Amino acid sequence: MRGMSLSRPLDSACQEKPPTLLREAARLYAAAEYFVCHEVLEELWRGTDGPLRELYRGLIQIVVGLYHVQRGNLVGGRQVLARGLARVAEYPSPCVGIDLERLRRGAEAYLRWIEAGAVGTPPEPPPWCWVR
């Protein structure tokens, strides 16, 4: 959806205030508490219908990918991170207050590091930044 005109429901949904669970997930993400962060995001995802549901699924996958890498599972981390990145790429930036463009760029850099063999110092995890 990047670069395309937004559907009215998605445009409206992206302008919404971030839900409490999303803010809690961001706090956990910043603390690198990826497992608990994914649990909070899953609760949000399960309770969501409509155009934001796949965004939340993509965020879950990015977080799970980082969790796998944190635990030394680079193959699983790469696979799940790539799926999450593809889902998040379908949304405009910002959406529900998240600077998705920065998150995407960071996830792409992290994915390139994994695909290059995870040699050397890892890049910073993709930034979860608020625009409001």
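A. A look at the overall build of the chain. When you go through the chain residue by residue, the secondary structure sums to six helices and zero strands. Helices (α) and strands (β) of the chain occur, in sequence order from the N terminus, as α-α-α-α-α-α. At 14 Å, the chain has a C-alpha radius of gyration in line with the 14 Å of a compact globule built from 132 residues. For the C-alpha atoms alone, the extent of the chain along its principal axes is close to 45 × 30 × 25 Å. Within the chain, the fraction of its 132 residues that count as buried is 43%. Long-range pairs, those at least 24 residues apart, make up 62% of the contacts in the chain with a sequence separation of at least 6.

B. Just the packing of aromatic side chains, in detail. In this structure the tally under the stated criterion is five aromatic pairs. Judged by centre distance (5.5 Å) and plane angle (50°), the rings of phenylalanine 35 and tyrosine 67 are tilted. Highlighted residues: phenylalanine 35 in helix α3 (residues 34-46) and tyrosine 67 in helix α4 (residues 53-70), separated in sequence by 32 residues. Judged by relative accessible area, phenylalanine 35 falls into the partly exposed class, the value being 41%. For tyrosine 67, a relative accessible area of 23% puts it in the partly exposed group. A centroid spacing of 6.1 Å and a plane angle of 55° characterise the contact between tryptophan 128 and tryptophan 130, whose relative ring orientation is tilted. Overall, tryptophan 128 belongs to the buried group, its relative accessible area being 12%. Members of the aromatic cluster, joined through ring pairs, are Tyr29, Tyr34, Trp128 and Trp130. The side chain of arginine 53 reaches across the aromatic face of tryptophan 45, ending 4.3 Å from its centre.

C. Molecular detail of the side chain of aspartate 99. Relative to the helices and strands, aspartate 99 resides in the loop between α5 (74-88) and α6 (100-115). Salt bridges are absent for the buried aspartate 99, whose nearest opposite-charge side chain, arginine 102, sits at 4.5 Å. At 3.4 Å, the side chain of aspartate 99 and the side chain of serine 93 are in polar contact. Setting aside its immediate chain neighbours within four residues, aspartate 99 contacts Ser93, Cys129 and Val131.

D. View of the packing of α3 against α4. It is at 9 Å that the axes of α3 and α4 come closest, and there the two elements cross at 165°. Accordingly, the angle class assigned to the pair α3 and α4 is roughly antiparallel. Taken as a pair, α3 and α4 cross one another with a handedness that is left-handed. Taking contact as the criterion, the partners of Tyr34, Phe35, Cys37, His38, Leu41, Glu42, Leu44, Trp45 and Arg46 in α3 are, on α4, Arg53, Tyr56, Arg57, Leu59, Ile60, Val63, Val64, Leu66, Tyr67 and Gln70. Classifying every residue of the contact of α3 with α4 by side-chain character gives 13 nonpolar, two polar and four charged.

E. Fine view of the nonpolar core. In terms of nonpolar packing, the biggest core is built from 40 residues, with Leu22, Leu41, Leu55, Leu59 and Trp128 touching the most fellow members. For this core, the elements supplying multiple residues, two or more each, are α1 (8-14), α2 (20-30), α3, α4, α5 and α6. The dominant element in this core, judged by the number of residues it contributes, is α4, at nine residues. In this view, leucine 41 contacts Leu22, Ala25, Leu59, Ile60, Val63 and Trp128; residues no more than four positions away in its chain are not counted.

Scoring rules and cut-offs
- Residues numbered from 1 in each chain as written.
- Predicted model: local features only at pLDDT ≥ 70, side-chain atom pairs only at ≥ 80, totals over all residues.
- Heavy atoms only, no water.
- Helix = DSSP H or I, 4+ residues; strand = E, 2+ residues; numbered from the N terminus.
- Rg over C-alpha atoms; globule rule 2.2 N^0.38 Å.
- Buried < 20%, exposed > 50% of the residue type's maximum accessible area, 1.4 Å probe, protein only.
- Contact = heavy atoms within 4.5 Å.
- Phe/Tyr/Trp six-rings, centres within 6.5 Å; stacked < 30°, edge-to-face > 60°.
- Lys NZ or Arg CZ within 6 Å of the ring centre and 35° of its normal.
- Lys, Arg positive; Asp, Glu negative; His and termini not counted.
- Salt bridge = Lys/Arg side-chain N within 4 Å of Asp/Glu carboxyl O.
- Polar contact = N/O pair within 3.5 Å; in protein donor to acceptor, adjacent residues only side chain to side chain.
- Axes fitted to C-alpha atoms, helices over the stretch in contact; angles between N-to-C directions.
- Parallel < 35°, antiparallel > 145°, perpendicular 65-115°, else oblique.
- Left-handed = near helix turned anticlockwise from the far one by under 90°.
- Nonpolar A, V, L, I, M, F, W, Y, C, P; charged D, E, K, R; others polar.
- Core = buried A, V, L, I, M, F, W, Y, C linked by side-chain atoms within 4.5 Å.

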